[in-house]
Amino acid sequence: VWAEDNGGGRDDIYYTDLDSLPLRAHKVNVPSSVKFHPVVDGDTIVWQDQEPGSLTFDILLYNLSSGTLYNLTPDTPDSDQVSPSIYGDRVVWENIRVGAGSDIFMNETGAGWTTVNLTPGLLPAFNRRPIINGDYVIWYDDTNNIYLSNLTTTSLVTGDPAVSVLNPSVVS
């Protein structure tokens, strides 16, 4: 899955079906907007999206089987939702609050579209780039800490201010 910049804020999302030969690009038919960081799991694609006239980003989910588009994070004027990751029916993303850091949120589409904050109670920081795999979510913050959540508890994995950490990943 990938995004193509067609100029003027008209990006498109494309995917390739690896089970059908010859391989070819398929365009996801969704409204024109600015699209970043598409990711796919099974027949579901998620990405961060900025609709025309909006100043903030939302997380959109597109089901390839049904052709249905969902906005997981309806536009709010005081936050951006960015850097999505998906595993099964769970989507995680970074929720950046204006002047107040960022949290990691998760939406479980199979649980009635329930959205939860995975970082409540953590010191105000910018929690970045969550990755989900199975029941585990990993991310880092702007103070070089790496956190791991098993969806019920969050643990500090490492925290060394002398080292820059970027883009951790998790395999369950």
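Here, residues in each chain are numbered from 1, in the same order as that chain's written sequence. Where local features are concerned, this predicted model is filtered to residues with pLDDT of at least 70; where side-chain atom pairs are given and counted, the filter is 80 or more; whole-chain, interface and lining totals use all residues. Only heavy atoms go into the side-chain values, all of them from the structure, while hydrogens and water stay out.

## Examining the overall build of the chain
Here a helix means four or more residues in a row that DSSP labels H or I, a strand means two or more in a row labelled E, and each is numbered from the N terminus. On a plain count of helices and strands, the chain comes out with 0 helices and 14 strands. The N-to-C order of helical and strand elements in the chain reads β-β-β-β-β-β-β-β-β-β-β-β-β-β. Residues classed as buried in the chain amount to 41% of the 172 residues present. Every residue pair with non-hydrogen atoms within 4.5 Å of one another is taken to be in contact. Contacts spanning at least 24 positions in sequence make up 29% of the contacts within the chain whose residues lie at least 6 apart. Burial classification: accessible surface area is computed with a 1.4 Å probe over protein chains only, and a residue below 20% of its type maximum counts as buried, one above 50% as exposed, and the rest as partly exposed.

## Remarks on the confidence of the model for the chain
Per-chain confidence: the chain averages 86 in pLDDT, with 90% of residues scoring 70 or above. Each residue carries a pLDDT value, the predictor's own confidence for that position, ranging from 0 to 100. In the model of the chain, strand 14 (residues 154-159) stands out as the element of lowest mean pLDDT, 74, in contrast to strand 7 (residues 79-87), which has the highest, 95.

## Focus on the sheet that holds strand 7
Two pairing modes exist for strands in a sheet, parallel and antiparallel, and in both the strands are linked by backbone hydrogen bonds. DSSP calls a pair of strands paired once it identifies at least 2 bridges connecting them. Spatially, 4 strands are ordered 7-8-9-10 in an open sheet, and the strand pairing comes out antiparallel. This sheet does not close on itself; its edge strands, each paired only once, are strand 7 and strand 10 (114-117). Taken over all neighbouring pairs, the strand axes of this sheet differ in orientation by 25 degrees on average, direction set aside. One ladder, built from 4 bridges, connects strand 9 (residues 102-108) with strand 10; its direction is antiparallel. Residue pairing in the sheet places methionine 106 in a bridge with valine 116 of strand 10. Fitted lines through C-alpha atoms give the axes, limited to the stretch in contact for helices. The angle between two N-to-C directions lies from 0 to 180 degrees.

## Here's the deal with the sheet that holds strand 2 (residues 11-16)
Reading across the sheet, the 6 strands line up as 1-2-3-4-5-6 and stay open at both edges, with antiparallel pairing between neighbours. The strands lining the two open edges of the sheet, one partner per strand, are strand 1 (2-5) and strand 6 (68-71). On average, each strand axis in the sheet is inclined to that of its neighbour by 35 degrees, with strand direction left out of account. Here 5 bridges tie strand 2 to strand 3 (residues 25-41), and the two strands are oriented antiparallel to one another. Bridged to aspartate 11 within strand 3 is serine 33.

## Thoughts on the pattern of salt bridges
By definition here, a salt bridge exists when the distance from a side-chain nitrogen of Lys or Arg to a carboxyl oxygen of Asp or Glu is within 4 Å. Inspection of the entire model under this criterion finds 5 salt bridges. With its nearest N and O atoms 3.6 Å apart, the salt bridge here joins aspartate 12 to lysine 27. Of this pair, aspartate 12 sits in strand 2 while lysine 27 sits in strand 3, placing them 15 residues apart in sequence. Judged by relative accessible area, which is 11%, aspartate 12 ranks as buried. Lysine 27 sits in the partly exposed class, given a relative accessible area of 41%.

## Concerning the environment of glutamate 4
By the element assignment, glutamate 4 lies in strand 1. On the basis of relative accessibility, which here comes to 33%, the residue glutamate 4 falls in the partly exposed class. Other than its neighbours up to four places away in sequence, glutamate 4 contacts Arg10, Asp11, Asp12 and Tyr14. Under the rule applied, a polar contact is a pair of N or O atoms within 3.5 Å (in protein, one hydrogen donor and one hydrogen acceptor; residues adjacent in sequence only if both atoms are side-chain atoms). Of note is the side chain of glutamate 4, whose polar atom sits 3.2 Å from the side chain of tryptophan 2.

## Focus on the packing of aromatic side chains
Pairing of aromatic rings covers Phe, Tyr and Trp, the last counted by its six-membered ring, and requires centre-to-centre distances within 6.5 Å; plane angles under 30 degrees mean stacked, over 60 mean edge-to-face, and any other angle means tilted. One pass over the structure, following the stated rule, counts 4 aromatic pairs. With a centroid separation of 6.0 Å and 15 degrees between ring planes, the pair formed by tryptophan 2 and tyrosine 14 is classed as stacked. Residue tryptophan 2 is located in strand 1, and its partner tyrosine 14 is located in strand 2; the two are separated by 12 residues in the primary sequence.

## Topic: the side chain of aspartate 58
Within the secondary structure, aspartate 58 is located in strand 5 (residues 58-63). Counted charges follow a simple rule, with Lys and Arg positive, Asp and Glu negative, and His plus the chain ends left uncounted. Put simply, aspartate 58 is tucked away with no salt bridge, and the nearest opposite charge, on lysine 35, sits 12 Å away. Side-chain polar atoms of aspartate 58 contact the side chain of asparagine 71, separated by 3.4 Å.

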